[in-house]
Amino acid sequence: MAKIIELFNHKGGVSKTTTTFHIAWKLSQQSKKVLLVDGDPQCNLTGMFLGEVFDEYYENDSTKLMNIKDAVSMAFSGRPQPITAIDCPAHIKNSNLFIIPGHMDLSEYDSSLSLALNSNNAIVTLQNLPGAFYELIQKCCEKYGIEYVFIDMNPGLSAINQTFFIYADAFIVPTNPDPFSVMALKTLKKILPKWKKWAIQGRELFADSSYPLPVCDMKLIGVIIQRFNVRNHKAAQPYIGKIEEIKNCIEGDFSEELAKNDMIFDIDCLIQNGLITNRTLGEIPEFGALIQKANEAMLPVFALTKADMGTVGNVYDSMEEKRKLFDEIYDTIVKVIMELV
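This structure is a prediction, so every number in the text was calculated from the model and none was measured.

1. Things to note about the overall build of the protein
Assigned secondary structure in the protein consists of 13 helices and 10 strands. Computed over its C-alpha atoms, the radius of gyration of the protein comes to 20 Å, within 12% of the 20 Å expected for a compact globule of 341 residues. The dimensions of the protein, computed from C-alpha atoms along their principal axes, are 65 × 50 × 35 Å. Per-residue burial over the protein gives 56% buried out of 341 residues. Counted over contacts in the protein with a minimum sequence separation of 6, partners at least 24 positions apart contribute 79%.

If you want it as structure tokens, here you go:
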């Protein structure tokens, strides 16, 4: 079965979508078939994936219903029709990378899901909802031989996000060094164990539904700290304190609380072999000029070629140095994922 990995933080502005795309692409370079699932109504991941054909995809009669909302609509409307795999677009430049496109009205399902999650299965008409998205994902994985799935969620603690989270075999917390990041981690260390406890109960409550809930671990791999400026190849002075504060929180109270609920991977072997030094998987500075080039080329920054960058001389040398840095960072993150998941 495909492994489901999620980058989740209810705090916005942490480059969750961009990082999800980059990690999935890097993993697909290891000859792995990877499925992206756009669970954010903003559909930024779908836009990044489809590029210029984004509008056409939702207007064309042959593809406009091939998205995460319409693909499970039968469960939410109570129609006696099974959920089946959709035709998932493959990336135009990467045949190992697929997507279940998002939908801007996905949040319409949030109220129904909230009722389902809090009804203890007392309302029969809602019993098929919590497992509906998982059924779609699994059907698509079977259709395309997918080995890894990445679900992109919206920033928030909605019922939809809780539903996606309880499908996760593993998760990564992306964050950035600003005053609210540690505050967000303190909230997550309370909420995520509650979601896991609900999932354990929910598996039994919804065992007889058409779409049972999966048995998965929901374990933390680590944190990614990003969106900061650098000076002399190090984080600029205004960010250093916040970066250390995030690391201390992750290594301390955050990890301890998750460990109590069996929600954290043992990374001692990875530390011993020198792959990582702690639960910080990577410190990713701002992409700078590379991100515009990457968006234009529909590529992650580390996959840009000299032709994609369109520069020469010292400017190219500087951009290539940064590209190699990002390539190394994401390479390490993917190695950790493949070792643990």
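2. Notes on the sheet that holds strand E2 (residues 34-39)
The 8 strands are arranged E3-E4-E2-E5-E1-E6-E7-E10 in an open sheet whose pairing can be described as mixed. Lying at the two open borders of the sheet, with one neighbouring strand each, are strand E3 (90-91) and strand E10 (280-284). Where E2 lies against strand E5 (residues 148-153), 6 bridges are found, and the strand directions are parallel. Looking at E5, one finds that Leu 35 is bridged to Val 149.

3. Comments concerning the packing of helix H11 (residues 289-297) against helix H13 (residues 313-340)
When two helices pack together, their arrangement is given by the angle between their axes and by how far apart the axes lie. The geometry of H11 relative to H13 is characterised by a closest axis approach of 10 Å and an angle of 75° between their N-to-C directions. Viewed along their axes, H11 and H13 adopt a mutual orientation that is roughly perpendicular. Between H11 and H13, the residues in contact are Ala 289, Leu 290 and Lys 293 and Met 319, Lys 322, Arg 323 and Phe 326, respectively. Among the residues forming the contact of H11 with H13, the class breakdown is 4 nonpolar, no polar and 3 charged.

4. A closer look at the layout of surface pockets
As a volume, the largest pocket reaches approximately 550 Å³. What lines the largest pocket is a set of 21 residues, among which Val 230, His 233, Lys 234, Pro 285 and Leu 325 lie closest to the centre. Contributions of two or more residues to the lining of the largest pocket are made by strand E9 (234-235), helix H9 (237-260), E10 and H13. Among the elements that make up the lining of the largest pocket, the one with the highest residue count is H13 (6 residues). Within the lining of the largest pocket, the residues separate by chemical class into 10 nonpolar, 4 polar and 7 charged. Empty space within the second largest pocket amounts to approximately 220 Å³. Residue lining of the second largest pocket: 13 residues in total, with Ser 15, Thr 18, Arg 227, Glu 286 and Phe 287 positioned closest to the centre. In terms of residue count, helix H1 (residues 16-28) provides more of the lining of the second largest pocket than any other element does, 4 residues in total.

5. Topic: the pairing of E2
Strand residues, when the strand is regular, have side chains that alternate between the two faces of the sheet. Of all 6 residues that make up E2, 6 are buried, and the element is covered over most of its length. Burial of the side chains of E2 extends over both faces: Val 34, Leu 36 and Asp 38 are buried on one face and Leu 35, Val 37 and Gly 39 on the other. Sheet topology note: the E2/strand E4 (residues 94-100) ladder contains 4 bridges and is parallel. When the bridges of E4 are listed, Val 34 appears paired with Leu 97.

6. Quick word on the packing of aromatic side chains
The tally for this structure, following the rule as stated, stands at 17 aromatic pairs. Their ring planes at 45° and their centres at 5.8 Å tell us that Phe 76 and Phe 133 sit as a pair that is tilted. In this pair, Phe 76 sits in helix H4 (residues 73-77) while Phe 133 sits in helix H6 (residues 132-144), placing the two residues 57 residues apart along the sequence. Residue Phe 76 is classed as buried on the basis of its relative accessible area of 17%. Since its relative accessible area comes to 1%, Phe 133 is described here as buried. Between the aromatic rings of Phe 287 and Phe 326, the centroid separation amounts to 4.8 Å while the plane-to-plane angle is 80°, which identifies the pairing as edge-to-face. With Phe 287 in the loop between E10 and H11 and Phe 326 in helix H13, the pair connects residues that are 39 residues apart, well separated along the chain. Both residues of the pair, Phe 287 and Phe 326, count as buried. Its guanidinium or amino end placed over the ring of Phe 302, Lys 26 lies 4.6 Å from that ring's centre, counting from NZ or CZ. Above the ring of Phe 265, the side-chain terminus of Lys 219 is found at 5.8 Å from the ring centroid.

Rules behind the numbers
Residues numbered from 1 in each chain as written. Predicted model: local features only at pLDDT ≥ 70, side-chain atom pairs only at ≥ 80, totals over all residues. Heavy atoms only, no water. Helix = DSSP H or I, 4+ residues; strand = E, 2+ residues; numbered from the N terminus. Rg over C-alpha atoms; globule rule 2.2 N^0.38 Å. Buried < 20%, exposed > 50% of the residue type's maximum accessible area, 1.4 Å probe, protein only. Contact = heavy atoms within 4.5 Å. Pairing = 2+ DSSP bridges. Axes fitted to C-alpha atoms, helices over the stretch in contact; angles between N-to-C directions. Parallel < 35°, antiparallel > 145°, perpendicular 65-115°, else oblique. Nonpolar A, V, L, I, M, F, W, Y, C, P; charged D, E, K, R; others polar. 1 Å grid on protein atoms, 1.4 Å probe; cavity = no way out; pocket = protein on both sides within 12 Å on 5 of 7 lines; lining within 4 Å. Points joined across faces, edges and corners; volume = space filled by probe spheres on them. Phe/Tyr/Trp six-rings, centres within 6.5 Å; stacked < 30°, edge-to-face > 60°. Lys NZ or Arg CZ within 6 Å of the ring centre and 35° of its normal.

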